[in-house]
Amino acid sequence: MAKEQNLTILEVGPRDGFQNLVEFIPTEKKAQIIQKLVDAGVRYIEFASFVHPKWIPQLADAAELYSLIKDRPGVTYRALIPNEKGLERALEKGVKEVTWVVCATDRGNLANLNMTTEQSLEMIRRIGTRVKRAGAKFCGSIAYALGDPIEGDVPIEKIFEIVRVFRQVGATDVSIADSIGIASPLKIRKMFPELANEFPDVRWSIHLHNILGLGIANALAAWEVGVTTLESSIAGLGGCPYAPYPGGNVATEELVYLFNKLGVHSGINLDKLMEARDFVRSIVGEKPKKQVGHPEEK
Ligand code: COA
Ligand code: ZN
């Protein structure tokens, strides 16, 4: 694919990056971090998830945070939704874009969402169209799409089945997540053409984690097969709290640096982004305390 194509970076730090940090980041600080990201040119931000506050206390302030950040022109904020209650909370707050997360394996879905994949899909079939009626945009996210930590590879038909349900309720954007960083460039180069062939109208993004540097190679592979929205986290924070060996997310600053070198512009100013990264580190520390550690830190 031509190198001039636009690259959209979806910053997921405020959601995925923060969700397993032990120490609560005050809501105003979260808003300040988001402002620094916006100042650097970030225009697409997954700011929180509307999950049960007891499951992820760090994100209990999703609604309050939205009030502080929502009036920034030109910025799209997306919230992650796990279930009906989460959807209600997001729509009540006036969130304009939600992404409903479904895990590609029952094991993952039960661990993350306390229901089977089919139960999640049933819920989406039943209430997914509420999003559009509320004037918001429905997106879908498939966790463990590039592999489950216990079960390994996921058949592509399973991904098709989930995307079909997202499409039924009006999604045009679907995120394929390598939730624990076990994808490879080879896998990505194989998967996206298959997805594009089955669903030519879907706009794909890839959500990348990073184990020992492979995340950045995976990002490049995805971009080379036409994926123009890449999800990453400032300072490389992140990791699913329920995966046994989570890697952090791919670092936004590393992606911007790489694509700058390739002449592909994301609209993000690297110097300002580094300031945002330093600001994040001044709040959470260089090696923040997480609920679970990275394999390489053992
Ligand atoms: N937000 C707030 N409260 C919620 C909620 C949500 N999204 N979902 C459920 N609840 C409340 C219900 O209202 C109910 O409250 P009540 O006891 O006062 O009536 C209670 O929690 C139990 O509801 P239930 O539907 O049985 O939820 P659950 O206990 O099965 O939990 C999830 C389901 C999805 C909320 C929980 O699994 C979760 O938050 N998981 C986090 C997943 C995640 O973020 N993973 C990382 C990214 S993949
Ligand atoms: Zn993730």
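What counts, and at which threshold
Residues numbered from 1 in each chain as written. Chains lettered and ligands numbered in written order. Predicted model: local features only at pLDDT ≥ 70, side-chain atom pairs only at ≥ 80, totals over all residues. Heavy atoms only, no water. Near = heavy atom within 4 Å. Polar contact = N/O pair within 3.5 Å; in protein donor to acceptor, adjacent residues only side chain to side chain. Areas by Shrake-Rupley, 256 points an atom, 1.4 Å probe, with all protein chains shown as cover. Helix = DSSP H or I, 4+ residues; strand = E, 2+ residues; numbered from the N terminus. Nonpolar A, V, L, I, M, F, W, Y, C, P; charged D, E, K, R; others polar. Buried < 20%, exposed > 50% of the residue type's maximum accessible area, 1.4 Å probe, protein only. Contact = heavy atoms within 4.5 Å. Salt bridge = Lys/Arg side-chain N within 4 Å of Asp/Glu carboxyl O. Phe/Tyr/Trp six-rings, centres within 6.5 Å; stacked < 30°, edge-to-face > 60°. Lys NZ or Arg CZ within 6 Å of the ring centre and 35° of its normal. Pairing = 2+ DSSP bridges. Right-handed = clockwise from strand over helix to strand, strands pointing away. Donors = N, O, S within 2.8 Å, 3.2 Å for Na, K, Ca; no water. Core = buried A, V, L, I, M, F, W, Y, C linked by side-chain atoms within 4.5 Å. Axes fitted to C-alpha atoms, helices over the stretch in contact; angles between N-to-C directions. Parallel < 35°, antiparallel > 145°, perpendicular 65-115°, else oblique. Left-handed = near helix turned anticlockwise from the far one by under 90°.

**Section: the site of ligand 1**
1) Next: What surrounds ligand 1 is a group of 17 residues, the closest being Phe-50, His-52, Asn-83, Arg-89 and Asn-114.
2) Next: At 2.9 Å, a backbone N or O of His-52 approaches an oxygen atom of ligand 1.
3) Next: Arg-89 is positioned such that a nitrogen or oxygen atom in its side chain is 2.8 Å from a nitrogen atom of ligand 1.
4) Next: About the coverage of ligand 1: the protein hides 66% of its 920 Å² of free accessible area.
5) Next: Put simply, the parts of the chain that give the shell around ligand 1 at least two residues each are helix H4 (84–92) and helix H5 (106–113).
6) Next: Examining the composition of the shell around ligand 1, we find that three residues originate from one element, H4, more than from any other.
7) Next: Split into classes, the residues belonging to the shell around ligand 1 amount to eight nonpolar, six polar and three charged.

**A look at helix H11 (residues 252–261)**
1) Next: Along H11, the residues that are buried comprise Thr-252, Glu-253, Leu-255, Val-256, Leu-258 and Phe-259.
2) Next: Lining the buried residues of H11 we find strand S1 (8–11), helix H10 (214–224), strand S8 (229–232) and helix H12 (270–284).
3) Next: One or two positions beyond H11, positive phi appears at Gly-263, with a value near 75°.

**Section: the pattern of salt bridges**
1) Next: What the rule picks out here adds up to 17 salt bridges.
2) Next: Residues Asp-173 and Arg-203 are paired through a salt bridge, measuring 3.4 Å at the closest nitrogen-oxygen approach. Here Asp-173 is found in strand S6 (residues 173–178), whereas its partner Arg-203 is found in strand S7 (residues 203–210), with 30 residues between them in sequence.
3) Next: With relative accessibility at 10%, the residue Asp-173 sits in the buried group.

**Concerning the packing of aromatic side chains**
1) Next: For the coordinates displayed, the defined rule picks out nine aromatic pairs.
2) Next: Lying over the aromatic face of Phe-279, Lys-36 brings its terminal NZ or CZ to 5.1 Å of the ring centre.
3) Next: Lying across the ring of Tyr-144, Arg-107 places its NZ or CZ 5.5 Å from the centre.

**Remarks on the environment of Ile-206**
1) Next: On the secondary structure map, Ile-206 appears in strand S7.
2) Next: Residue class for Ile-206 comes out buried when judged on its relative accessible area of 0%.
3) Next: Between the alpha carbons of Ile-206 and Ser-141 there is a distance of 9.3 Å; along the sequence they are 65 residues apart.
4) Next: Those residues within four positions of Ile-206 in sequence are excluded, and the remaining contacts are Leu-146, Ile-176, Ile-188, Phe-192, Ala-222, Val-227, Thr-229, Leu-230 and Glu-231.

**Remarks on the pairing of strand S4 (residues 97–103)**
For a regular strand, the rule is simple: side chains alternate between the two faces of the sheet.
1) Next: S4 sits mainly inside the fold: seven of its seven residues count as buried.
2) Next: The pairing of strand S3 (residues 76–81) with S4 spans three bridges and is classified as parallel. Looking at S4, one finds that Ala-79 is bridged to Val-98.
3) Next: In terms of handedness, the path from S3 via H4 over to S4 forms a crossover that is right-handed.

**Structural notes on the side chain of Thr-117**
1) Next: Here Thr-117 lies in helix H6 (residues 117–127).
2) Next: A residue is classified by how much of its surface remains accessible, and Thr-117, at 0% relative accessible area, is buried.
3) Next: Side-chain polar atoms of Thr-117 contact the backbone oxygen of Thr-105, separated by 3.4 Å.
4) Next: Once residues within four sequence positions are removed from consideration, Thr-117 is found in contact with Val-102, Cys-103, Ala-104, Thr-105, Asp-106, Asn-109, Lys-158 and Ile-162.

**Points about the coordination of the zinc ion (ligand 2)**
Reference values for coordination geometry: four tetrahedral donors around a metal ideally subtend 109.5 degrees, six octahedral donors ideally subtend 90 or 180 degrees.
1) Next: For the zinc ion (ligand 2), the full set of protein donor atoms is Asp-16 (OD), His-207 (NE2) and His-209 (NE2), and the range of their distances to it is 1.9 to 2.1 Å.
2) Next: Overall, His-207 belongs to the buried group, its relative accessible area being 5%.

**A word on the environment of Ser-120**
1) Next: Secondary-structure assignment places Ser-120 in helix H6.
2) Next: In the structure, Ser-120 is positioned 18 residues away from Val-102 in sequence and 6.6 Å away in space, judged by C-alpha atoms.
3) Next: The residues touching Ser-120, leaving out its near neighbours within four places in the chain, are Val-102, Asn-109, Leu-113 and Met-115.

**Here's the deal with the nonpolar core**
1) Next: Within the largest apolar cluster, 95 residues are counted, with the highest numbers of intra-cluster contacts made by Phe-47, Ile-142, Ile-159 and Ile-176.
2) Next: A total of seven residues in this core trace back to one element, the largest contributor, which is helix H8 (residues 156–168).
3) Next: Other than its neighbours up to four places away in sequence, Ile-159 contacts Ala-104, Ile-142, Ala-145, Val-154, Ile-176, Met-191 and Leu-195.

**Points about the packing of H11 against H12**
1) Next: The N-to-C vectors of H11 and H12 enclose an angle of 165°; their axes lie 10 Å apart at closest approach. Taken together, H11 and H12 sit at an angle that is classed as roughly antiparallel. In the crossing of H11 with H12, the sense of the turn from one axis to the other is left-handed. Note on element contacts: H12 touches H11 through Leu-270, Leu-273, Met-274 and Arg-277, opposite Thr-252, Glu-253, Val-256, Tyr-257 and Asn-260.
2) Next: Looking at the contact of H11 with H12 residue by residue, the classes come out as five nonpolar, two polar and two charged.

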